[in-house]
Amino acid sequence: MVKIDKIYTRAGDKGKTRLSTGEPLDKWHPRVAAYGTVDEVNAALGVAALHADGDMLAALRRVQNDLFDLGADLATPDRGTKLEWTPLRIVEAQVKRLEAEIDAMNVNIAPLDSFILPGGSALAAHMHVARTLCRRAERQIAELFAMEGEVVSPEALAYANRLSDWLFVTGRVANNDGKDDIKWVPGANR
C-alpha cells in the first residue's frame, strides 16, 4: 500500500518530479503529461459519479480504481533495473472487461444513425467530458509508446483506447440508452 506522510516536497518548485522508481523527470516530460491526464480523467469520473447510482456507480468506481492502476503503470517505467517491489501493470483482463461491458451495454442501445452532441443528461455530459480527456490521455500514451527509450506496455495503451469507447457508450446509456441523445444536424445553422 501507499503511505503518504507529507503532501509537499518542494521538488516541484524547480519544475521536477519523481517517478515511483525515484527517477527525477521534468514536470513537462511526456510521461508525466500522460499520467497527469489519466488523473484528469479520474477526477472527471469523480464528478460524473455524483450523478450515478447502482450498477453505473459501481462501474465508475471500478474504472476509477483502474485509472490509478494505469497511472501507477505509467509512473513506473520498465528501465530494465530490478525494483524492490513488483510494479503494478495494466493487464489484458482489464481491457477485456471493458470490452465485455461495452458489448453488454450496446445490446439495449439502437445503432447510431448520426454523430451525437456531447450532452443530454448531466451524467451523459460528464461522461463525454471524461471521454474527451481520455482521448487526450490515449494520444499522450501513444506518443510515449512511440518514443525512443521509453517503454509503455501495449495493455496500458489498449486500456486507454478501450476506456474512451466505454465512456462513449456509458454516456449513451446515461441518455436513456441513447433515446435522449442529441443528434448532430450537419449545417443546421448556416
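Our subject is the structure listed above.
Fair warning: this is a prediction, and the values are worked out from it, not measured in the lab.

J.: Give a description of the overall build of the protein that names residues and reports values.
T.: Per the secondary structure count, the protein includes five helices and four strands. Listed by position from the N terminus, the elements making up the protein come as β-β-α-α-α-β-α-α-β. Seen through its C-alpha atoms, the protein measures out along the principal axes to roughly 50 × 40 × 35 Å. Burial analysis of the protein (190 residues in total) assigns 40% to the buried set. Restricting to contacts in the protein with at least 6 residues of sequence separation, those with at least 24 account for 72%. Here the protein has roughly 11200 Å² of accessible surface; of this, 56% comes from carbon and sulfur atoms. Between the centroid of the 24 positive side chains of the protein and the centroid of its 27 negative side chains there is a distance of 5 Å.

J.: Could you give an account of the packing of helix α2 (residues 54-74) against helix α3 (residues 92-106), with specific residues and numbers?
T.: Relative orientation of the contacting elements α2 and α3 amounts to 150°, with a least axis distance of 12 Å. Judged on the interaxial angle alone, α3 and α2 are roughly antiparallel. Where α2 crosses over α3, the handedness of that crossing is left-handed. Contact residues: α2 offers Arg62, Val63, Asp66 and Asp69, while α3 offers Gln94, Arg97, Leu98 and Glu101. Residues that form the contact of α2 with α3 fall into these classes: two nonpolar, one polar and five charged.

J.: Please give an account of the side chain of threonine 170 that cites residues and values.
T.: In this structure, threonine 170 sits in helix α5 (residues 154-174). You can call threonine 170 buried: its relative accessible area is 0%. Among residues more than four places away in sequence, those in contact with threonine 170 are Met56, Met105 and Met127.

J.: For the pattern of salt bridges, give the residues involved together with the corresponding values.
T.: All told, the structure shown has 16 salt bridges when counted by the stated rule. Across the pair arginine 89 and aspartate 73 runs a salt bridge whose closest N-O atoms are separated by 3.1 Å. A residue pair is termed long-range when its members are at least 10 positions apart, and arginine 89 in the loop between α2 and α3 and aspartate 73 in helix α2 qualify at 16 residues. Residue class for arginine 89 comes out partly exposed when judged on its relative accessible area of 25%. Salt-bridge contacts for aspartate 181 lead to arginine 172; the nearest nitrogen and oxygen are separated by 2.6 Å. Taken as a pair, aspartate 181 and arginine 172 share a single burial class, namely buried.

J.: Could you give an account of α2, naming the residues involved and the relevant values?
T.: Relative to the 30 Å expected for 21 residues at 1.5 Å per residue, α2 spans 31 Å between its end C-alpha atoms, a close match to the ideal helical length. Met56, Ala59, Leu60, Val63, Gln64, Asp66, Leu67, Asp69, Leu70, Gly71, Asp73 and Leu74 are the residues of α2 that are buried. Contacts made by the buried residues of α2 are with α1 (30-48), α3, α4 (122-146) and α5.

J.: Pulling in residues and values, what's your account of the nonpolar core?
T.: Judged by nonpolar contacts, the single largest core of 44 residues is most densely connected at Leu60, Leu163 and Trp166. If you list the elements that add at least two residues to this core, you get α1, α2, α3, α4 and α5. For this core, the element with the highest residue contribution is α4, accounting for nine residues. Those residues in contact with leucine 60, other than ones at most four positions away along the chain, are Leu45, Ala48, Ala49, Ala52, Leu123, Met127 and Trp166.

Rules used in this analysis
Residues numbered from 1 in each chain as written. Predicted model: local features only at pLDDT ≥ 70, side-chain atom pairs only at ≥ 80, totals over all residues. Heavy atoms only, no water. Helix = DSSP H or I, 4+ residues; strand = E, 2+ residues; numbered from the N terminus. Buried < 20%, exposed > 50% of the residue type's maximum accessible area, 1.4 Å probe, protein only. Contact = heavy atoms within 4.5 Å. Areas by Shrake-Rupley, 256 points an atom, 1.4 Å probe, with all protein chains shown as cover. Lys, Arg positive; Asp, Glu negative; His and termini not counted. Charge placed at Lys NZ, Arg CZ, Asp CG, Glu CD. Axes fitted to C-alpha atoms, helices over the stretch in contact; angles between N-to-C directions. Parallel < 35°, antiparallel > 145°, perpendicular 65-115°, else oblique. Left-handed = near helix turned anticlockwise from the far one by under 90°. Nonpolar A, V, L, I, M, F, W, Y, C, P; charged D, E, K, R; others polar. Salt bridge = Lys/Arg side-chain N within 4 Å of Asp/Glu carboxyl O. Expected span 1.5 Å × (residues − 1). Core = buried A, V, L, I, M, F, W, Y, C linked by side-chain atoms within 4.5 Å.

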